[in-house]
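# Structural features, examined
Letter by letter, the chains look like this.
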Amino acid sequence: MIPFKKWFGSKPQGEELIPRLDSDNIPNHVAVIMDGNGRWAQKRGLPRVAGHHSGMKNVKKITMAANAIGVNVLTMYAFSTENWKRPKEEVEYLMKLPLEFFPKEIEELIANNVQIRMTGWKEGLPEYTLKAIEDAIEQTKHNDGLILNFALNYGSRKEMLSGVKQMAQDITDGVISADAIDESLFSSYLLTNPLPDPDLLIRTSGELRISNFMLWQLAYSELWFTDLCWPEFSEQHFYEAIGEYQRRARRYGGL
Ligand code: FPP
């Protein structure tokens, strides 16, 4: 039986929906590609941004669900380095979401010991977006519960290239030697450092690809896809994904 954590504030839904999960095999780090906001809205005759707004509300729900079963890190892919190509109005709308999300939710997140983090480039983000997220990071820095990590202005190839360039510089400067490069040293040059690699990747909306998300870090992650769009992905679906994860045998190339 899952030792259910009490959530302070609005009651987590889906407690009764938790299937018989193995509390000794909860993924440490779950990463989510929150896809399908636009399609969800269009299907309902709403503007695309209405889907993003609904998607934002779902971040809170799934955070609660993850916290309740003892996930330690939940990474949400909120904006990629490629998303700047979208129409200006949509980008602006997405950039303003943290200004609504954090003031509304921060009290409850603090009460539940959640730590906010960000993985991505600060450069390029509007000042107000960065301030909203940095304030939330500061306000939750003494917490030691679930890490809610926003991948914002993040792209994996760029991350790896900048890590490689920094390593080359450090070799030139005598900080490291080329011989010392191994997986762990390389990982330490990535933006995700010091977070552990994801154990489980969830992608919504039926797209079966990774889309430049944590290419190195996902090497041995279990992948779980659903046709549901992100705004309709509920706690129950989250627990279904965890259940499926628990039925998989992770072999890391061994037998
Ligand atoms: C992809 O769906 C989704 C995004 C690019 C944005 C995801 C962001 C959120 C859910 C909100 C994050 C919350 C905070 C507080 C930062 P899409 O619109 O590309 O879907 P489509 O493929 O149907 O068009």
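Calculation notes
Residues numbered from 1 in each chain as written. Predicted model: local features only at pLDDT ≥ 70, side-chain atom pairs only at ≥ 80, totals over all residues. Heavy atoms only, no water. Phe/Tyr/Trp six-rings, centres within 6.5 Å; stacked < 30°, edge-to-face > 60°. Helix = DSSP H or I, 4+ residues; strand = E, 2+ residues; numbered from the N terminus. Buried < 20%, exposed > 50% of the residue type's maximum accessible area, 1.4 Å probe, protein only. Lys NZ or Arg CZ within 6 Å of the ring centre and 35° of its normal. Near = heavy atom within 4 Å. Polar contact = N/O pair within 3.5 Å; in protein donor to acceptor, adjacent residues only side chain to side chain. Areas by Shrake-Rupley, 256 points an atom, 1.4 Å probe, with all protein chains shown as cover. 1 Å grid on protein atoms, 1.4 Å probe; cavity = no way out; pocket = protein on both sides within 12 Å on 5 of 7 lines; lining within 4 Å. Sits in = over half its atoms within 2 Å of the grid points. Nonpolar A, V, L, I, M, F, W, Y, C, P; charged D, E, K, R; others polar. Expected span 1.5 Å × (residues − 1). UniProt positions renumbered as here; feature names shortened; annotations may be inferred. Contact = heavy atoms within 4.5 Å.

For the coordinates displayed, the defined rule picks out 12 aromatic pairs. For the ring pair Tyr-77 and Tyr-154, a centre distance of 5.9 Å and an interplane angle of 75° mean the geometry is edge-to-face. Separated by 77 residues along the polypeptide, Tyr-77 in strand 2 (residues 73-80) and Tyr-154 in strand 4 (residues 147-154) bring together distant segments of the chain. Exposure remark for Tyr-77: the relative accessible area of 9% places this residue in the buried category. The class of Tyr-154 is buried, set by a relative accessible area of 0%. Aromatic side chains Phe-79 and Trp-84 sit 4.8 Å apart centroid to centroid with 70° between the ring planes, which places their arrangement in the edge-to-face category. When its relative accessible area of 1% is taken as the criterion, Phe-79 is described as buried. The partly exposed category is assigned to Trp-84, whose relative accessible area is 34%. An aromatic cluster of at least three residues, connected via ring pairs, comprises Tyr-77, Tyr-154 and Phe-213. Its end group placed over the ring of Trp-121, Lys-158 keeps NZ or CZ at 4.4 Å from the ring centre.

Now for the site of the ligand. As a matter of local geometry, the ligand sits amid 18 residues, with Gly-36, Arg-39, Arg-48, His-52 and Arg-86 nearest to it. Here Asp-35 contributes a side-chain N or O atom positioned 3.3 Å from an oxygen atom of the ligand. The contact in question runs from an oxygen atom of the ligand to an N or O atom on the backbone of Asn-37, over 3.2 Å. Coverage of the ligand by the protein amounts to 91% of the 640 Å² it exposes when considered alone. More than half of the atoms of the ligand fall within 2 Å of the grid points belonging to the largest pocket. Going through the elements one at a time, helix 1 (37-43), helix 2 (48-69) and helix 3 (88-111) are the ones with two or more residues in the shell around the ligand. For the shell around the ligand, the element with the most residues is helix 2, which contributes 4 residues. When its residues are assigned to classes, the shell around the ligand shows 8 nonpolar, 6 polar and 4 charged.

With that settled, the discussion passes to helix 2. A rise of 1.5 Å per residue sets the reference length of helix 2, with its 22 residues, at 32 Å; its end C-alpha atoms lie 32 Å apart and thus fit the reference within 8%. Among the 22 residues that make up helix 2, 16 are buried, leaving the element largely enclosed by the rest of the structure. Phi for Gly-70, located one or two positions after helix 2, is positive at around 90°.

Here we come to the UniProt feature "binding site: Mg(2+)" (unreviewed entry) in the protein. As recorded in UniProt, the feature "binding site: Mg(2+)" (unreviewed entry) lies at Asp-35 and Glu-222. Those annotated residues from the list above that line the largest pocket are Asp-35. Tracing the sequence through the fold places Asp-35 in the loop between strand 1 (29-33) and helix 1. Not counting chain neighbours up to four residues away, the residues in contact with Asp-35 comprise Arg-203, Thr-204, Ser-205, Glu-207, Cys-229 and Trp-230. Inspection of the secondary structure puts Glu-222 in strand 6 (residues 222-225). If we skip the residues at most four places from it in the chain, Glu-222 touches Asp-199, Leu-200, Leu-201, Tyr-245, Arg-248, Ala-249 and Arg-250.

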